[in-house]
Amino acid sequence: MTNHWVDIRNANLILSMGGNSAEAHPVGFRWVMEAKYRNNAKLVTVDPRFTRTGAVADFTAEIRTGTDIIFLGGLISHLIETDQIQHEYVRNYTDAALIVREDFGFHDGLFTGFEPVTGTYDKDTWHYEINDEGFARRDDTLQHPRCVYQLMRKHYSRYTLDMVETVCGMPRHKIQRIWDMVAETAVPGQTMTILYALGWTQHSIGSQIIRAAAMVQLLLGNMGMVGGGVNALRGHSNIQGLTDLGLLSNLLPGYMSLAQAEEQDYREYIEKRTREPLLPDEVSYWRHYERFHVSLMKAWFGDAATEANNWCYDWLPKLSEPLYDVLHTFHRMHNGEINGYFCQGFNPLASFPHKAKITESLSKLKYLVVMDPLATETSEFWKNYGEYNPVNPEEIQTEVFSLPTTCFAEEDGAIVNSARWLQWHWAAAPPPGEARPDVEIMAGLFHRLQYMYREEGGAFPDPILNLTWYYRQPAFPGPSELAREYNGWALRDVYDENRNLVCRAGEQLPDFGALRDDGSTSCGCWIFSGSWTEEGNQMARRDNSDPYGIGMTLGWAWAWPVNRRILYNRASARPDGTPWTREKALIWWNGTRWVGADIPDFPKQSPPSAGLGPFIMNQTGRGQLFARDRMAEGPFPEHYEPFESPIGMNPLNPDNPLAKNNPAARVFEEDRENFATFEEFPHAATTYRLTEHFHFWTTHALLNAIMQPEKFVEIGTGLAEELGIERGDRVRVVSKRGHVDAVAVVTKRIRTLQVAGKTVHQVGIPLHWGFKGVAKKAHLTNELTPFVGDANTQTPEFKSFLVRVEKL
Ligand SMILES: Nc1nc2c(c(=O)[nH]1)N[C@H]1C(S)=C(S)[C@@H](COP(=O)(O)OP(=O)(O)OC[C@H]3O[C@@H](n4cnc5c(=O)[nH]c(N)nc54)[C@H](O)[C@@H]3O)O[C@H]1N2
Ligand SMILES: Nc1nc2c(c(=O)[nH]1)N[C@H]1C(S)=C(S)[C@@H](COP(=O)(O)OP(=O)(O)OC[C@H]3O[C@@H](n4cnc5c(=O)[nH]c(N)nc54)[C@H](O)[C@@H]3O)O[C@H]1N2
Ligand SMILES: [Mo]
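All figures in this text were calculated on a predicted structure; none of them were measured in a lab. (Residues numbered from 1 in each chain as written. Chains lettered and ligands numbered in written order. Predicted model: local features only at pLDDT ≥ 70, side-chain atom pairs only at ≥ 80, totals over all residues. Heavy atoms only, no water.)

(A) Region of the structure containing the sheet that holds strand β26 (residues 683-688). Read around the closed barrel, the six strands follow the order β26-β32-β27-β29-β28-β33; overall the barrel is mixed. Averaged over all pairs of adjacent strands, the angle between their axes in this sheet comes to 45 degrees, without regard to strand direction. Summarising the sheet, strand β27 (residues 712-716) and strand β32 (residues 762-766) pair through two bridges and their orientation is antiparallel. Paired with Ile715 across the two strands is Val763, which belongs to β32. (Pairing = 2+ DSSP bridges. Helix = DSSP H or I, 4+ residues; strand = E, 2+ residues; numbered from the N terminus. Axes fitted to C-alpha atoms, helices over the stretch in contact; angles between N-to-C directions.)

(B) Spatial organisation of helix α4 (residues 68-81). Given a rise of 1.5 Å per residue, 14 residues ought to cover 20 Å, and the 20 Å separating the end C-alpha atoms of α4 matches this to within 8%. Here α4 lies mainly inside the structure; 13 of its 14 residues are buried. (Expected span 1.5 Å × (residues − 1). Buried < 20%, exposed > 50% of the residue type's maximum accessible area, 1.4 Å probe, protein only.)

(C) Molecular detail of the site of ligand 2. Looking at ligand 2, there are 28 residues lining it, with His236, Asp372, Asp438, His695 and Asn782 nearest. Between ligand 2 and the protein, one listed contact pairs a nitrogen atom with a side-chain N or O atom of Thr405 at 3.4 Å. Contact between ligand 2 and Lys799: an oxygen atom at 2.9 Å from a side-chain N or O atom of the residue. Protein contact buries 89% of the 900 Å² of open area that ligand 2 shows by itself. A per-class count over the shell around ligand 2 returns 11 nonpolar, 13 polar and four charged. (Near = heavy atom within 4 Å. Polar contact = N/O pair within 3.5 Å; in protein donor to acceptor, adjacent residues only side chain to side chain. Areas by Shrake-Rupley, 256 points an atom, 1.4 Å probe, with all protein chains shown as cover. Nonpolar A, V, L, I, M, F, W, Y, C, P; charged D, E, K, R; others polar.)

(D) Spatial organisation of empty space enclosed by the protein. Scanning the model with the defined rule gives one cavity of 30 Å³ or more in all. In this structure, the largest cavity encloses a volume near 70 Å³. Contributing to the lining of the largest cavity are Tyr128, Arg275, Leu278, Met617, Asn618, Gln619, Thr620, Gln624, Arg628, Asp629 and Arg630. The class makeup of the residues in the lining of the largest cavity is three nonpolar, four polar and four charged. (1 Å grid on protein atoms, 1.4 Å probe; cavity = no way out; pocket = protein on both sides within 12 Å on 5 of 7 lines; lining within 4 Å. Points joined across faces, edges and corners; volume = space filled by probe spheres on them.)

(E) Local environment of the site of ligand 1. Taken together, 31 residues surround ligand 1, and among them Asp47, Gly66, Leu198, Arg689 and His693 come closest. Between ligand 1 and Asn20 there is a distance of 2.8 Å, counted from an oxygen atom to a backbone nitrogen or oxygen. Within the backbone of His695, a nitrogen or oxygen atom sits 2.9 Å from an oxygen atom of ligand 1. For the shell around ligand 1, the elements supplying multiple residues, two or more each, are α1 (21-24), β2 (42-47), α9 (198-201) and β26. Of the residues in the shell around ligand 1, the class split is nine nonpolar, 16 polar and six charged.

(F) Seen up close, the UniProt feature "domain: Molybdopterin dinucleotide-binding" (unreviewed entry) in the protein chain. The positions that UniProt labels "domain: Molybdopterin dinucleotide-binding" (unreviewed entry) are, in the present scheme, residues 686-801. Between the C-alpha atoms that bound residues 686-801 there is a distance of 7 Å. The span itself is 11% helix and 29% strand. (UniProt positions renumbered as here; feature names shortened; annotations may be inferred.)

(G) Spatial organisation of the pairing of strand β8 (residues 192-196). Counting buried residues in β8 gives five out of five residues, a clear majority hidden from the surface. Side chains Met192, Ile194 and Tyr196 project from β8 onto one buried face, and the interleaved Thr193 and Leu195 project onto a second face that is buried too. One ladder, built from four bridges, connects strand β1 (residues 13-17) with β8; its direction is parallel. Note that in β8 the partner of Leu15 across the bridge is Ile194. Here β8 pairs with strand β9 (residues 230-232) via three bridges, running parallel. Bridging from a neighbouring strand, Ile194 pairs with Val230 of β9.

(H) Fine view of the side chain of His761. By the element assignment, His761 lies in the loop between β31 (758-760) and β32. At 3.1 Å, the side chain of His761 forms a polar contact with the side chain of Glu722. When neighbours within four sequence positions are excluded, His761 is seen to be in contact with His683, Ala684, Gly718, Leu719, Glu722 and Thr752. (Contact = heavy atoms within 4.5 Å.)

(I) Summary view of the packing of aromatic side chains. Applying the stated criterion across every chain, the model contains 47 aromatic pairs. Residues Phe104 and Phe111 carry aromatic rings whose centres are separated by 6.1 Å and whose planes lie at 25 degrees to one another, so their mutual orientation is stacked. Like Phe104, the residue Phe111 is buried in the burial classification. Within the aromatic cluster, the residues linked to one another by ring pairs are Phe104, Phe106, Phe111, Phe114, Tyr121, Trp126, Tyr128, Tyr156, Tyr159, Phe626 and Phe636. (Phe/Tyr/Trp six-rings, centres within 6.5 Å; stacked < 30°, edge-to-face > 60°.)

(J) Geometry of the nonpolar core. With 84 residues, the main nonpolar core has Phe71, Leu72, Met152, Trp200 and Val216 as its most contacted residues. Considering every element that reaches this core, the biggest residue donor is helix α10 (residues 206-219), with nine residues. The contact partners of Phe71, leaving out residues within four places of it in the chain, are Met17, Ile63, Val164, Cys168, Met170, Ile175, Ile178 and Trp179. If you look at the next biggest cluster of nonpolar residues, it comprises 57 residues, including Leu319, Leu422, Phe512 and Cys525. (Core = buried A, V, L, I, M, F, W, Y, C linked by side-chain atoms within 4.5 Å.)

(K) Fine view of helix α17 (residues 438-456). Compared with an ideal rise of 1.5 Å per residue, which puts 19 residues at 27 Å, α17 spans 27 Å between its outermost C-alpha atoms and is within 8% of the ideal. Taken residue by residue, α17 has Ile441, Ala443, Gly444, Phe446 and Gln450 as its buried positions. Buried-residue contacts for α17 involve β13 (367-372), β14 (399-404) and α18 (462-465). The positive-phi residue at the C-terminal boundary of α17 is Gly457, with phi of around 70 degrees.

(L) The arrangement of the environment of Pro663 in detail. With respect to the element layout, Pro663 can be found in the loop between β25 (594-596) and α20 (669-672). In this structure the C-alpha to C-alpha distance between Pro663 and Thr120, which are 543 residues apart in sequence, comes to 7.7 Å. The residues touching Pro663, leaving out its near neighbours within four places in the chain, are Leu110, Phe114, Gly119, Tyr121, Tyr640 and Leu658.

(M) Layout of the domain arrangement of the protein chain. The domains assigned to the protein chain are domain 1 (252-316 + 479-530) and domain 2 (657-807). Look at where the C-alpha atoms of domain 1 and domain 2 centre, and you get two points 45 Å apart. (Domains from an automatic or database assignment.)

(N) Representation of the side chain of Gln217 within the structure. Along the chain, the position of Gln217 falls in helix α10. Residue classification places Gln217 among the buried residues on the basis of a relative accessible area of 0%. Contacts of Gln217, omitting those with residues within four sequence positions, involve Met192, Thr193, Ile194, Asn222, Met223, Gly228, Gly229 and Val230.

Structural data, given as structure tokens:
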């Protein structure tokens, strides 16, 4: 989230799109209801189905799954052409005025630099024109034909109202009504918040849908504002913490990135990431990358990390194809290239796409270790459960080890919520039986490995032998010790530029401003610096006073970065430093420094007259309408059809087969033959959650099983009539990869759509139920889904694929 849960109540308009928060985030949803009833806010939902969120909305619209970029691109065009943008904001706080290189272009659905063989882009042309001083050229009148504003305008002029209507299958009056409501927030006193989750993420174009939403918010001046922002409502209670701590295979803690194989040289690695300003004097905070990196290496390798050995750079893994994201990992397992797998808190047989492929992959392993509090579908993938898991155990040689773990309620620790708040919690009950905390199991493994390396030697022992292990009980690092390590401490006295003491040797760091690149500081996750200082555990704070009355409870828990609650909050004030309006005041310039209800996201003493941009992480200091070199498939979001499309073509780019689907998507050649065409599988399917179940865990709990006992699928009355299906009939939903049997819920909540001259029925399939637990056994939904993912995140396309429904 750029903003936070409580702040939703300050919005004037809530656009819930690509998520169903009443169902999947029912506790946080109270802030939506507060906005409606206290702030007279309007709630709009856009979803393939009429949802529980839709049920309390002021306006709802249906959309064909996988077409949100068309809707948002059309909205961008509408805002520009009807002149309903926040001009002063756009001019001062975005990159609209910057001029793009002459050789950048977009033809036939592809941006310049596409390499068809690898399905990747050479991104050199996706850049601003740079002048002799190394800064981007600009035209503040926004008239230059190659300024970002004009290029964006041209790009989205193709996204006409007709196009939106025909591709999304949304009636024109609904489109217009929503666009009008959104446009009302272009004035400074009005803000819209956008709430999204997996309905946007789980597409082969997922990241670009979210980019499109961010562009809308920049044009409207809704970023950095009270009641504004682009707000990802995250999934598992600590999934935000997972990404923060760099647990994805291409990241280091704090969103630092692992080196690529060609980056063997330390200085090159650092210089590439030390993003220098592209406009004079801008903050460009990533220019301090080396401080974060060296402090991390000191935390990991202690005295062994020295300037002379480039802080152990050679010990870090370097990424090369094939990669290690989950799609890749299972693909490699499937090819027999991986023979052991540790599966910690993950139930891939149930939760990953194309179950048949996952079963085959796991069957090729020599061993599988499952660390989980429950017996899962994955830990029993080898066991025959009749029609629901029709495998022959005799043919599967994988040895499976189950290591029972505790769950969060049985341990102390911090959970990072969607709002970036680190909230400390305390164990509520002792663990049952042989269950042990994950940390203890991992520590045990580490000690055995280290012992074996020490005694027997082996390839590349250094990182294991030299890993720091400061903990009081080496067998079980305590949560508070780990938390202190993430915050970091000084190894020597730390001084600022004026030789003032910042922090004494041995003290906890006050915040990441104290980090140094000379080896004098140690820090396990730079963005968490400030969470456990000399004043103690900031995450355990429970003061909910709200001095400004806008839900800014800075004394409650601790948010990264530096306890800031709304990112880019400098943009909540005008260029001259005064709030845009009194009601939406957040921070302001008091003549000598920035003050207000939040921690300023800006150099505290930099006067407005200095003209620095509010987006301090970006090299331009501006919000990027043109995503320079960050995205895999282009600097402007472009619509591509899902890999399984009910219309089989891309109406925006009908003539170029390379531009039908996302040309840079994560797709493996072998899987292409497993994608269906609409002739065989005519219905557009999507998958989703229900409040009464949490994935597959709660099918183990009797109360949940009683509330939602049995697998069902939702089909609209139009399709039901066509197939002669009545409510309660049993149906089979078939995809190119498998089938599920379930009870049919025939409903008006899913409408038949008219798309590009065709009638398209959508089918809704809840994700829950499997063959373990006490609820009624069922086929796993991921029997059906395709093995293809987003180009940037590798998130699978769970939300858009083709099926055929049969009456049983
Ligand atoms: N009770 C409960 N709560 C949960 C979970 C749970 O299992 N049970 N899981 C948690 C997890 S891990 C996550 S990630 C979150 C997920 O939170 P959400 O993303 O809100 O949940 P979903 O139900 O997967 O999908 C939301 C909606 O997206 C819609 N949708 C599908 N395709 C599209 C599309 O192309 N465009 C648009 N606009 N909408 C689309 C679906 O119809 C659905 O209503 O929920 C979390 N909360
Ligand atoms: N078709 C379809 N598929 C989907 C989705 C969809 O919308 N549609 N959503 C996707 C999403 S968003 C998600 S997040 C995934 C979820 O996929 P998974 O993460 O695989 O699923 P979960 O069942 O939530 O969690 C896995 C296991 O973690 C265990 N666990 C709980 N606490 C602990 C702990 O403290 N330690 C350890 N070691 N284990 C623990 C649980 O018992 C559970 O068995 O599913 C994805 N799959
Ligand atoms: Mo999730």
